[in-house]
Amino acid sequence: MPIYEYRCSACSHEFELLVRSSTVPQCPQCGAGEPERLVSRIAPHGQTAGKLALARRAAAKEGHFSHYSAGERAKVVK
């Protein structure tokens, strides 16, 4: 099942859903049943790098890289 991006024609809310191509989704905000299918973006606007950095900092803080030396840890966690 592919991920499609939709824009609600009633409230202009944009959302992504994992649906079958034969399924007609409803808007999660207002419940309208005729959203417009959009061309999806390949990746969210600049969110991926920030989320990865946040996860790496959290892992380093929790000690997931505690078996590495300080020099090795500096190379891995950025």
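None of the values given here were measured: they were computed from a predicted structure.

*Asks:* Outline the overall build of the chain, supporting the account with residue identities and numerical values.
*Replies:* For the chain, the count of helices and strands is 2 helices and 3 strands. In the chain, the succession of helices and strands from N to C terminus is β-β-β-α-α. Relative to all contacts within the chain whose residues are 6 or more apart in sequence, the contacts with residues 24 or more apart total 27%. Looking at the chain as shown, the accessible area adds up to about 6100 Å², and 54% of this sits on carbon and sulfur atoms.

*Asks:* Kindly report on the pairing of strand 2 (residues 14-18), identifying the contributing residues and their values.
*Replies:* Bridge count for strand 1 (residues 3-7) against strand 2 is 5 bridges, and the pairing is antiparallel. When the bridges of strand 2 are listed, Tyr-4 appears paired with Leu-17. Taken together, strand 1 and the strand that follows it, strand 2, pair antiparallel across an intervening segment of 6 residues, in which Ser-12 is found at a positive phi of about 65 degrees.

*Asks:* Report on the sheet that holds strand 1, specifying residues and quantitative values.
*Replies:* The strand order across the open sheet formed by 3 strands is 2-1-3, and the pairing between neighbours is antiparallel. At either margin of the open sheet sits one strand with a lone partner, and together these are strand 2 and strand 3 (36-38). Direction aside, the axes of adjacent strands within the sheet are offset by 40 degrees on average.

*Asks:* Any chance you could break down helix 1 (residues 47-62) for me, citing the residues and the numbers?
*Replies:* With 16 residues, helix 1 extends 23 Å between its outermost C-alpha atoms, agreeing within 8% with the 22 Å of an ideal straight helix rising 1.5 Å per residue. Just downstream of helix 1 lies Gly-63, where phi reads positive at about 90 degrees.

*Asks:* Talk me through the environment of His-13; I want residue IDs and the actual numbers.
*Replies:* Within the secondary structure layout, His-13 lies in the loop between strand 1 and strand 2. The class for His-13 is partly exposed, based on a relative accessible area of 27%. Residues His-13 and Gln-29 lie 16 residues apart in sequence; the distance between their C-alpha atoms is 7.2 Å. With near-sequence residues (within four places) excluded, His-13 lies in contact with Tyr-6, Arg-7, Cys-8, Cys-27, Pro-28 and Gln-29. Among the polar contacts listed, one links the side chain of His-13 to the side chain of Gln-29, at a separation of 2.8 Å.

Each value, and the rule that gives it
Residues numbered from 1 in each chain as written. Predicted model: local features only at pLDDT ≥ 70, side-chain atom pairs only at ≥ 80, totals over all residues. Heavy atoms only, no water. Helix = DSSP H or I, 4+ residues; strand = E, 2+ residues; numbered from the N terminus. Contact = heavy atoms within 4.5 Å. Areas by Shrake-Rupley, 256 points an atom, 1.4 Å probe, with all protein chains shown as cover. Pairing = 2+ DSSP bridges. Axes fitted to C-alpha atoms, helices over the stretch in contact; angles between N-to-C directions. Expected span 1.5 Å × (residues − 1). Buried < 20%, exposed > 50% of the residue type's maximum accessible area, 1.4 Å probe, protein only. Polar contact = N/O pair within 3.5 Å; in protein donor to acceptor, adjacent residues only side chain to side chain.

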